[in-house]
Each structure stands twice: as structure tokens, then as C-alpha cells.
Amino acid sequence: FAVVSSLPFLIPPFSKSDHGNLSNILPTTERYNAVANVASLTNLLDDVREGRKVLRYEKTLGAGSYKEVWQVSIDGNQYALSTQRFSNANIKRRKIDAKNAEAELEMAQFLHTALGSFSDSLHQSQRPDPFEVVLFWWAQDHKLQPDAKGSLLPAIDTYQDIPSRSPKSTFVYVLKPLYEFDLRKFQNLQGVADEARRKSPTGVVRVQDSVADRVSEEIDVGAGRGWTDSDSVGSLKTDARSAVQLTGELLQIGDILQRVGVVHADIKPANIMILHGHAILIDFGYARHVDAHRRRGCESGLRGEPEYVLGSDARMRQTCPAGDVYAMAKSIYETLFVYQPPFREMVSFETSTIDELNWRLRTAMKDDRQKTRFRGLSPDAQEQILSVLRGMCRVERPYTFKEAYQIFNTYFPDWAVLSA
């Protein structure tokens with residue numbers, strides 16, 4: 001939280017009713033600047049239309065099949081602006097997309113409010129908000145187009161509504177923090193960066209990579225030849241301390257989600273972002289509130305990426321808290337250790353395929369010859385982390401997030417202090 005005053009985009013949307021929540025989350029010395037910065041976005045559209053602020057397109061960060069993400073600036077501060085078009089070409093699909101888009105916005109506000117209950121533990125780890133923040137959003141009837149100077153001018157008529165039925169297209173724009181990179185990109189960059197460092201006479205390299213639906217972009221990779229204490233990808237150091245911190249933060253994120261009754265349903269490395277060396281979970285479009293006392297807190301229907309789905313969920317065609325636990329364990333394992341599953345970006349929820357993926361992961365976790373991506377992680381520390389991850393993935397009575405987080409804290413009681 002020490003970075004709050006210089007990074008106004010870390011703070012969730014501000015309203016009068018949020019005073020109590022912000023005072024719970026922010027240290028007293030930072031509260032005024034944070035509230036003032038967020039309040040400055042309240043009249044964003046009018047400020048841009050009337051020339052008091054300049055909204056400028058910088059570049060495209062991602063261009064998927066249903067959503068585009070731009071890097072934009074507002075008076076010099078950098079943000080991400082996602083855009084999603086809802087057309088009437090497919091009414092049934094449109095209803096699903098609209099529901100998911102609304103759920104993402106509602107979930108961001110709910111989690112911001114819920115975080116007030118966890119302020120002590122978050123203060124201890126000195127970290128930014130662990131969930132994606134929605135700073136501002138609006139909808140309009142035509143697409144934003146940058147002019148010759150890159151300036152973006154919102155429509156005269158804008159609204160905060162996502163209609164599920166409409167004879168015309170609706171474009172929804174959501175302003176969010178600008179994060180550094182996701183863990184999928186981190187995994188892909190690791191091998192490339194290590195090889196590039198060996199060939200660089202200075203030991204300092206910039207690696208260009210294209211991942212999934214994202215356009216190519218450059219990320220700074222830390223100085224030093226081979227594996228040194230200064231090795232990093234962006235702000236994420238590849239040392240033992242960072243490995244423990246990252247694991248602790250992700251287990252804490254899962255614990256908070258489960259305590260407040262939320263199933264994310266799409267946990268994967270591509271939805272875990274890094275900002276100033278800390279982990280942040282994003283993309284809550286599939287997330288739902290669940291009743292822990294009804295059907296084990298499960299929701300009907302499968303969501304997310306099949307590669308991170310639990311076999312029991314696939315057989316029952318439902319999304320359960322245990323599925324989130326499995327997906328988080330796999331995401332952590334793939335980040336800390338070198339693991340290449342047989343195929344990526346699966347499009348099939350076939351039960352036999354999901355079961356095979358589950359089996360391959362459990363088998364890999366039992367291997368005595370693990371290759372870690374984080375230098376200096378001792379064999380004992382590796383085994384302690386692996387024992388937690390195995391427990392999260394086992395077939396019979398897998399750990400809940402609460403159990404996994406508690407066990408992790410017995411192994412690494414000072415992880416939050418280390419991360420600070």
C-alpha cells in the first residue's frame with residue numbers, strides 16, 4: 001500500500017458510501033490522496049468531452065474473439081480500457097455475454113466491499129488490492145475511434161446499462177488498472193529470457209513475445225547473466241523469496257474468495273496478473289456467488305478453460321469451489337516449476353480428456369526431479385509447497401483454500417513479512 005499515493009488506479013470506484021470501506025483498506029496517511037484521485041474519475045466523460053481531461057489511445061494490449069483491451073492514458077496516467085461489443089446477431093449468445101459482463105462489474109464492487117474484512121492481513125503483506133479493480137465504465141452505441149493524435153472522444157449519449165436485447169450494437173468500455181503481465185506470459189518468457197541473457201554481452205535483455213490473443217509486446221527482464229539474485233521478469237524476481245510470496249498471495253486470494261462465497265470459475269495463469277511483484281486475480285465474468293449449504297456450493301454448468309477444470313466438475317457438468325482450488329494449484333505449480341501439459345488452450349470439456357489432464361498433473365507433482373523457475377528454492381521448501389499443491393489436487397477430500405492456506409502458513413509463517 002506504500003505505492004497508493006503514486007498509483008491512483010489501484011483504488012476501486014469511489015462513492016460517498018465507500019468512505020467506510022476505504023478507511024478500512026487504506027492507511028490513514030494515504031487515504032486523502034487516494035480518495036481525491038479516484039473522485040477525479042467520477043466525471044470522466046464530461047471532463048474528456050469538455051477538454052478538462054485528455055483520454056488518449058496508446059496501443060492494443062489484447063484482441064480476443066469477444067473483447068479488446070487497449071492501453072490508454074488520462075493526463076499522463078496509464079490505464080487499461082477493455083471494450084466489448086454486444087450485437088444482436090445471436091440473441092442467445094448475447095444474453096450470456098451480457099450476463100457475464102454485468103456479473104464482472106457487480107463482482108468487482110462486491111469484492112471491494114468484502115475486502116474490508118481482511119484489511120489486517122492485507123496490511124501485513126503490504127500489497128495492492130488482490131482483485132481486479134473497475135475504476136469506471138460506460139456504454140455507448142458506437143465504437144470509440146482514436147483521431148489522428150490518438151485522442152478518444154466518448155459519445156454525447158452514454159449510459160451505464162448492458163441491454164440483453166436491442167436492435168442495435170452496444171459497446172461497453174471498462175477502465176481498469178494497467179498491470180504488467182500475466183503468469184502465462186511469465187512462463188513463456190522464462191526460457192526465452194534465460195537463453196537471451198546467455199547471449200547478451202551486457203546481461204540485460206528485452207524479450208518480445210506473443211501469447212494467446214495478445215499482441216506482441218516487450219517486457220524488461222532483469223540484469224545479470226544466468227541465474228543471479230537480480231534475475232526478474234518485470235517486477236517479479238525469480239528468487240526463493242518471490243516464490244514463497246507468490247504462493248502465499250495466491251492461496252490468500254483463494255481463501256478470501258471461498259470465505260465470501262465466490263466461485264471464480266476461470267482461474268488460470270492468464271488471469272493472474274503481476275503489479276509491483278504482487279499477484280492480482282482478474283476476469284470475474286464467470287464468477288458467481290454460491291450457497292455453501294446447498295449442493296456443496298456448486299453452480300450448474302461448466303465454465304472456464306478445460307485445461308484447468310476438475311474431472312468431478314466435468315462429470316457433473318457443474319462448477320464447484322473444489323474446481324477453483326484445483327485450478328489455482330495447477331496455476332501455481334506451472335509458474336513455480338517447469339511443466340508442459342500435453343496440449344494448451346483446450347476447447348473440449350470431454351470427461352476423458354479432463355481426467356487425463358488431471359492425472360498427468362498429479363503424476364508430475366509426485367516426480368522427485370522437479371525443475372524450478374525460481375533460483376534458490378531449497379529442496380525442503382520445494383517439498384513443502386508441493387505437499388500443499390498435491391493436497392489441493394488429490395482425488396479424495398482435497399484441501400479447501402482455507403486448509404491449504406493454513407498449512408502453508410505453518411510451513412512459512414513469515415511469508416507476509418518477507419513480501420513486504
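What comes next concerns the included structure. Everything numeric here is computed off the predicted structure, so don't read it as measured data.

## With respect to the environment of Ile-156
As for its placement among the helices and strands, Ile-156 is situated in the loop between strand E4 (136-140) and strand E5 (170-177). Each C-alpha atom, one on Ile-156 and one on Gln-140, is 8.7 Å from the other, the two residues being 16 residues apart in sequence.

## Remarks on the pattern of salt bridges
Tallied over the full model, the rule gives 18 salt bridges. We note a salt bridge from Arg-390 to Glu-383, for which the minimum N-O separation is 2.8 Å. Arg-390 gets classed as partly exposed once you look at its relative accessible area, which sits at 23%. Among the charged side chains, a salt-bridge network with shared partners connects Lys-67, Glu-104, Glu-132 and Lys-176.

## What about the side chain of Ser-82?
Examined against the element boundaries, Ser-82 turns out to sit in strand E3 (residues 77-86). On the accessibility criterion, Ser-82 (7% relative accessible area) is buried. Discounting chain neighbours no more than four positions away, the residues touching Ser-82 are Lys-67, Glu-68, Val-69, Val-172, Tyr-173, Val-174 and Lys-176.

## Examining the state of the cysteines
For the structure on display, the rule yields one disulfide. Disulfide pairing places Cys-298 opposite Cys-320 at an S-S distance of 2.1 Å. On the S-S bond that ties Cys-298 to Cys-320, the torsion sits near 110°, and the link is right-handed. Of this pair, Cys-298 sits in the loop between strand E14 (288-289) and strand E15 (299-300) while Cys-320 sits in the loop between strand E16 (318-319) and helix H9 (321-336); the two residues are 22 residues apart in sequence, bridging distant segments of the chain. Accessibility expressed as a relative area gives 1% for Cys-298, which makes it buried.

## Topic: the packing of aromatic side chains
Counted according to the given criterion, the structure contains 11 aromatic pairs. An angle of 90° between the planes, with centres 5.4 Å apart, marks the rings of Tyr-57 and Trp-70 as edge-to-face. Placement of the pair is Tyr-57 in strand E1 (residues 55-63) and Trp-70 in strand E2 (residues 68-74), with a sequence separation of 13 residues. Relative accessible area serves as the criterion here: at 3%, Trp-70 is assigned to the buried category. Through a chain of ring-to-ring contacts, three or more aromatic side chains come together here, namely Tyr-57, Trp-70, Phe-136, Trp-138 and Tyr-173. Positioned above the aromatic ring of Tyr-308 is the side chain of Lys-330, whose terminal nitrogen or guanidinium carbon lies 5.0 Å from the ring centre.

## Notes on the pairing of E3
Extensive coverage of E3 is indicated by the burial of seven of its 10 residues. With seven bridges joining them, E2 and E3 adopt antiparallel strand pairing. The partner of Gln-71 across the bridge, within E3, is Ala-80. The turn joining E2 and E3, which pair antiparallel and follow one another in sequence, is formed by two residues; a positive phi near 50° is taken by Asp-75. Inspection of the sheet shows E3 paired to E5 by eight bridges, in the antiparallel sense. Bridge pairing in E5 places Thr-83 opposite Tyr-173.

## Notes on the nonpolar core
Counting 58 residues, the largest nonpolar core has Phe-131, Leu-250, Met-328, Tyr-333 and Met-392 as the members making the most contacts within it. In terms of nonpolar packing, the next biggest core, distinct from the first, is built from 19 residues, Leu-44, Leu-45, Trp-138 and Leu-144 among them.

## Quick word on unusual backbone geometry
For Ala-265, which is not glycine, the phi dihedral falls at a positive 75°. Note on placement: Ala-265 falls in the loop between strand E11 (262-263) and strand E12 (272-275). Here the phi dihedral of Arg-317 falls at roughly 55°; this positive angle occurs in a residue that is not glycine. You can see Arg-317 is positioned in the loop between helix H8 (311-316) and E16.

## Focus on the sheet that holds E3
An order of E1-E2-E3-E5-E4 is seen for the five strands of this open sheet, with the pairing classed as antiparallel. Among the strands making up the open sheet, the edge pair consists of E1 and E4. Averaged over all pairs of adjacent strands, the angle between strand axes in this sheet comes to 25°, irrespective of strand direction. Direction of pairing for E1 relative to E2: antiparallel, over a ladder of seven bridges. Directly across from Arg-56, in E2, lies its bridge partner Ser-73.

What counts as what
- Residues numbered from 1 in each chain as written.
- Predicted model: local features only at pLDDT ≥ 70, side-chain atom pairs only at ≥ 80, totals over all residues.
- Heavy atoms only, no water.
- Helix = DSSP H or I, 4+ residues; strand = E, 2+ residues; numbered from the N terminus.
- Salt bridge = Lys/Arg side-chain N within 4 Å of Asp/Glu carboxyl O.
- Buried < 20%, exposed > 50% of the residue type's maximum accessible area, 1.4 Å probe, protein only.
- Contact = heavy atoms within 4.5 Å.
- Disulfide = S-S within 2.5 Å.
- Phe/Tyr/Trp six-rings, centres within 6.5 Å; stacked < 30°, edge-to-face > 60°.
- Lys NZ or Arg CZ within 6 Å of the ring centre and 35° of its normal.
- Pairing = 2+ DSSP bridges.
- Core = buried A, V, L, I, M, F, W, Y, C linked by side-chain atoms within 4.5 Å.
- Axes fitted to C-alpha atoms, helices over the stretch in contact; angles between N-to-C directions.

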